[in-house]
Amino acid sequence: MQKLALSDEILMNIEKPVRYIGGEVNSIKKSKDEVDVRFCMCFPDVYEIGMSHLGIQILYDMFNKFDGVWCERVYSPWPDLDKIMREKHIPLFALESQDPIKDFDFLGITLQYEMCYTNILQILDLSGIPLSAAERTEDDPIVIGGGPCSYNPEPIADFFDFFYIGEGETVYEDIINLYRKNRENGGSRRDFLEMVADVEGMYVPMFYDVEYNEDQTIKSFEPNNPHAKRTIRKQVEMKLSDTYYPDKPVVPFLQVVQDKVTLEIQRGCIRGCRFCQAGMLYRPIRERDVNFLKEQAVKMIKNTGHEEITLSSLSSSDYKALPELVYFLIDYFKKLQVNISLPSLRIDAFALDVMSKVQDIKKSSLTFAPEAGSQRLRNVINKGLTEENILNGSMDAFRGGWNNVKLYFMLGLPTETEEDIEQIAVLADKIAREYYEIPKDQRNGRVQITPSTSFFVPKPFTPFQWVSMNREEQFRAKARFLKQKVTEQLNARSIHYKWHDSDLTILEGIFARGDRRLSKLLLNVYKKGAIFDAWTDQFKKDLWDKAMEEEKTDLEFYVFREREKDELFPWDFINAGITKEFLWREYQTGLNEKVTPNCRKGCARCGAFEFHGGICYEVREKEEAK
Amino acid sequence: MTLRIKFAKYGNLKFLSHLDVMRFFQKAIRRAEIDVKYSEGYHPHQLMSFAAPLGVGQTSEGEYFDLEINSMESTQDVLERLNAQMPEGFKIIHVSLLPPTPPQTKKESLMALVKASDYLVLRKGLADLPLTNQEFLGKFSEFVKEPEILAIKTTKVGDTEINLAPFIYDVRFDVQPTELTPKYENGLCLYLKLCAGNENHIRPELLMKAFHAYAGMEYDQYEFQVHRLEAYARRENELVPICNYHD
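Throughout, residues of each chain are indexed from 1 in the direction in which the sequence is written. Ligands are numbered from 1 and chains lettered from A, in the order in which they are written. Local features are withheld for residues below a pLDDT of 70 in this predicted model, meaning they are given only at 70 or higher, and side-chain atom pairs are given and counted only at 80 or more; totals for whole chains, interfaces and linings count all residues.

## Considerations on the domain arrangement of chain A
How big an interface is tends to be stated in terms of the accessible area lost upon association of its parts. Residues and elements named next belong to chain A. Counted only if it meets this: Reported domain spans reflect what an automatic or database domain assignment gives. Whether two residues are in contact is decided by their C-beta atoms, placed from the backbone, lying within 7 Å.
We note that the domain assignment places domain 1 (8–231), domain 2 (260–358 + 596–626) and domain 3 (360–501) within chain A. For domain 1 versus domain 2, the separation of C-alpha centres amounts to 30 Å. Counting residues at the interface gives 4 residues for domain 1 and 7 residues for domain 2.

Set out below in C-alpha cells:
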C-alpha cells in the first residue's frame, strides 16, 4: 500500500480527500529503481477540473510509454489544504508516488486559461521551487509551460525555464534524451536549457531581452544567447492517426467535470471565426482516420467502464466521416448502455436525427452559437451562421418535438452598436414566433429560449489582436440594455436572458495580450493571497485592485487602446503558422463586413500551408490543378 | 437473477465516500463485462443496492451490495472478472446467487437485512497515550459491564440521549487483526459486535467516545481506526453473516 503524503487527520479534515490519494484505475506506478527520469504533469486547478482535461491524459500516456520515464500528476490543492500545507510546511507531492515535486526532474504545467496564473505560483511555492526561473539551482526541477496560453507566455515568462510551443506529441522524447545526455556529460541547468533552445518550438525566456519605447510598447525583443532563435516555430503533429492516444485513460474515483471518454476527432478548424484563438492557433485542420477513432472508442470504453463518450473538436460537423462514426458509435454502444454526446454540432437534418437517437428530446435543448445578434456583426466576426440557418434549424427541431433553445452571444465585439445588441433580443423573439406558428395541438407546451452573453476578450494570434476592449461600465450597460430589449419583445415571457459578470474579463484581457512586466503584478497579488481566481467564490477583487494600484498597472495601455498595425507585440516572436499580414488582412476584411470563405471552400493564404499537410494540401492541390 | 456481492474496502481507499464507492462499482462492473440488468427509460442505470454505508475513513471486509443481472457463467466467474478490475483498496470476497423471490412477495432490501456488525477498533498510538494498552483494556472491560452507558446520538432531528448497553452484543480482546486490517505499531485491537441497521445503528466511534468520557480522557477521533469485519442479518434468534443468510 502506497504511503500517503498527508496524515489521516489532515485527510479527514479537508473537503474531498480523494483528490490527494492517487491510486485511480489506470494510473501508472513504476518502480523508482527502473526509471531515470521523473516527470510531473500539472494542471493548475482543482483535481476535478484537471482530471477532465484530455491533453493531460494524452501526455501522461505518452511519457509513460517512454523507456525509463515515470510521469505522475499533480493538481492545485484546494484552499483548505493549501492553508494546512503552509502551516505545517508540507511540500507539494505527486499523486502516484506521493513524493515531493521538488525531487522530480521536470514539472510540466499546462496553461489552459489566464485566470489560473496565480495557481502556478501556488504550485511552485508549495513545492519549494523558487518562483523565478533565474533563482533556481541544479537541485530544482526544470519547469516547463505548454498549452494555449503559451502562445503569449510573456506575462508568466519569469516563472518558467522554458515553454513548449505547440503540440506535445512531437519532440518531448528528444528533450528527455537531451536531458539524459547533459546529465551524463555533467552539464549544468543552463547547458541543458541551451540544448533545449536548439530544438524547434522551444522558448527559453531568460535567453531574450526586451526593450521598451517611451509609450510602453515593445521596442525590441532580442536573443541574448547564441542558441536562442529569433522566431520560435510551433510544433505540429501531422500524423494524428498514428500518434499517442491513451487506450486506458485514468478513471477518477471522484465525480469530475467530464466524467466520460473523450474522443478527439480532429484538431484545428476550417471556419476562421475572427474572435476565436483556437481556430487560428491549431491550423491546419487535421482529421483523425475514422477507423482509428472507432477502434479507440471501443478500447477506451472497455478499459474505463465510463458510461458516456463525447466527441471533441472545435466544429464536429466539419469532420467528413461524422455520420459514419456517429452511427457506428450509436449501434455499437447501444447494447452496452453507453451514452453519446456531441457538442459543437451544427443543427441540421443529420444532427436532429442523431440527437433524437441519443437524447431525451423532452429534456434536451438545441444549441446555437451565433455569437452576434445581427448579420452585419456576424459578418464582421466571420461567423457563417445566418438567421435563416437558425430559424430553419429551430423549426425542424420544433417539429421533431424540441422546445428548448440555447443561444450563445458575445458582447463587446469590435464595431458593435446598440442596434446589433438589440438584434439578439429580436432573434430570440423570432425563434419563439416560429414555434408559435405550429398549430397548438401539435405543440409540445411552451417554448423556452435562453440567450446568454459573455464578454469579448481580444486574444493574440486572432484578427482582433489589435482592437481595444470594452470597459467594465460599457459591458454592464450593454447587458442592461439587452435585458431591457428582451422585455420589450412579444414573446418576452419565453425568453430567459443570462449573462456572466465582467469581474474577470478585464484581468483576462490584461494577461491575454500582456508583456513580461506583468509578472510583478502576478507576484504581488499572489503574495497578497490570491489563488483560484477562476472560481467566483474564491476570486478576491480587492486584492487585485490593490496589487494593480501598487504596480501601477496601466489598463489603458494593456486593454483599452487600439493598437497600431506595426506595433511589435509580445508574442510576435512565435510563428504559429498564421502570418501577421494574414491576421491584419482578416481584421480589415472584418471591418468591411466581408466574410472570408472557410478553408475547404478556398485557401485564404493564412500561412499554415508551411506545415505541409491537412486541409491546406487538399485545397491548394485542387486550386493549383485548375 | 440477483447476485449478492461481498467486498472489502481497505488501505488508502478508506477515504472514498459511499457515493464514490457506488460510482466505482458501476464502472468496474462495465469493465468486467458482467451482463448486468439496467433500469428502463432514457437514463438507464444498473440495478444495484448497497447495505449499510461505511463512514469515510473506515476500512472494511464486510461490505455488501446486491446486483441484478441477466445471465452469467458462474458466481466464481463473476468473482474472478470483478477481482481482475479491482485496484489496490478493493477486493471481492464472495459472490452468491440469491434464491428467486417467490411471486407476489416483495424483495427484501439488503439495507433492511442488516441487524448487527462486527468491528475491530485499532489504536494507532500517534499521540501521547494517557493509558498503556493494558490499562486501556482493563478500563474498557469495566466500562462495558456498566448497566447503563449513556451517549448522545446526533440524528437529523436533533441530539438524543440513548443507552448503548443493550446494543453491545460482544466485546473481545483476543481477536487478531486480519490481512486487510490497517497495521499500527501500537498493536491494540478491540473486537466489538454492535447493533446495526435501520433501527439502532451504533457506530463504534460513539462507544469509544462514551468510553473516553467514562474514563475521564479526552477523545481524539484520529487516534482510532475502525475496521468493519462483517455485517449480520437475523434468522430467528441467530445472527448470521449476510453472505450466509440464504444458505
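## Some thoughts on the packing of helix α6 (residues 172–184) of chain A against helix α7 (residues 189–197) of chain A
All names here are of chain A. Selection criterion: Here the axes come from fitting lines to C-alpha atoms, over the contacting stretch only for helices, and the angles between their N-to-C directions go from 0 to 180 degrees. The helix count covers DSSP runs of H or I at least four residues long, the strand count covers runs of E at least two residues long, and both are numbered beginning at the N terminus. With the far helix as reference, a near helix turned anticlockwise by less than a right angle produces a left-handed crossing, and one turned clockwise produces a right-handed crossing. Just so you know the grouping, Ala, Val, Leu, Ile, Met, Phe, Trp, Tyr, Cys and Pro go in nonpolar, Asp, Glu, Lys and Arg go in charged, and all remaining residues, Gly too, go in polar.
Running from N to C, α6 and α7 cross one another at 145°; their axes reach a closest spacing of 10 Å. As α6 packs across α7, the resulting crossing turns out to be right-handed. Residues Ile 175, Leu 178, Tyr 179 and Asn 182 of α6 form the contact with α7, whose participating residues are Asp 191, Phe 192, Met 195 and Val 196. A per-class count over the contact of α6 with α7 returns 6 nonpolar, 1 polar and 1 charged.

## Some remarks on the environment of A:Ser97
Along the chain, the position of A:Ser97 falls in the loop between α4 (79–88) and β3 (106–110). Between the C-alpha atoms of A:Ser97 and A:Ile615, which are 518 residues apart in sequence, the distance is 43 Å.

## Structural notes on the sheet that holds strand β10 (residues 261–264) of chain A
Residue and element names in this part refer to chain A. Test applied: Here, any two strands with at least 2 DSSP bridges between them count as paired.
Strand order in the open sheet formed by 3 strands is β10-β13-β14, with parallel pairing between adjacent strands. The sheet is open, and its two borders are formed by β10 and β14 (339–341), each paired with just one other strand. Within this sheet the neighbouring strands show an average axis-to-axis angle of 25°, counted without direction. Bridge count between strand β13 (residues 308–312) and β14: 3 bridges; the pairing is parallel. In the sheet register, Glu 308 faces β14, and the bridge partner there is Asn 339. Across the face of the sheet, helix α9 (residues 290–304) comes into contact with β10 and β13 while running at roughly 165° to β10.

## Description of α9(A)
Heads up, the condition is: Expected helix span is computed as 1.5 Å times (number of residues minus one). Note on burial: count the other C-beta atoms lying within 10 Å of the residue's C-beta; 20 or more is buried, 12 or fewer is exposed, in between is partly exposed, and C-beta positions come from the backbone. Of all possible arcs, the one meant is that of the directions from the helix axis to the C-beta atoms.
Over its 15 residues, α9(A) extends 21 Å from the first C-alpha to the last, a length consistent with the 21 Å expected when each residue adds 1.5 Å. Residues of α9(A) that are buried: A:Leu293, A:Ala297, A:Met300, A:Ile301 and A:Thr304. Burial along α9(A) is one-sided: seen end-on, the buried residues are contained in an arc of 95°. Of the surrounding elements, those touching the buried residues of α9(A) are β10, β13 and α10 (322–334) of chain A together with α1 (18–31) of chain B.

## Points about the sheet that holds strand β6 (residues 202–203) of chain A
All names here are of chain A. In spatial order, the strands read β2-β1-β3-β4-β5-β6; together these 6 strands make up an open sheet with mixed pairing. Where the open sheet ends on each side, the last strands, each with one partner, are β2 (69–75) and β6. Here helix α3 (residues 54–65) sits on the sheet and contacts β1 (37–43), β2 and β3; the angle it forms with β2, its principal contact strand, is near 155°.

## Structural notes on the environment of A:Gln122
All names here are of chain A. Examined against the element boundaries, Gln 122 turns out to sit in helix α5 (residues 117–127). Judged by C-beta crowding, with 22 C-beta atoms within 10 Å, Gln 122 ranks as buried. In this view, Gln 122 contacts Ser 76, Asp 82 and Ile 531; residues no more than four positions away in its chain are not counted.

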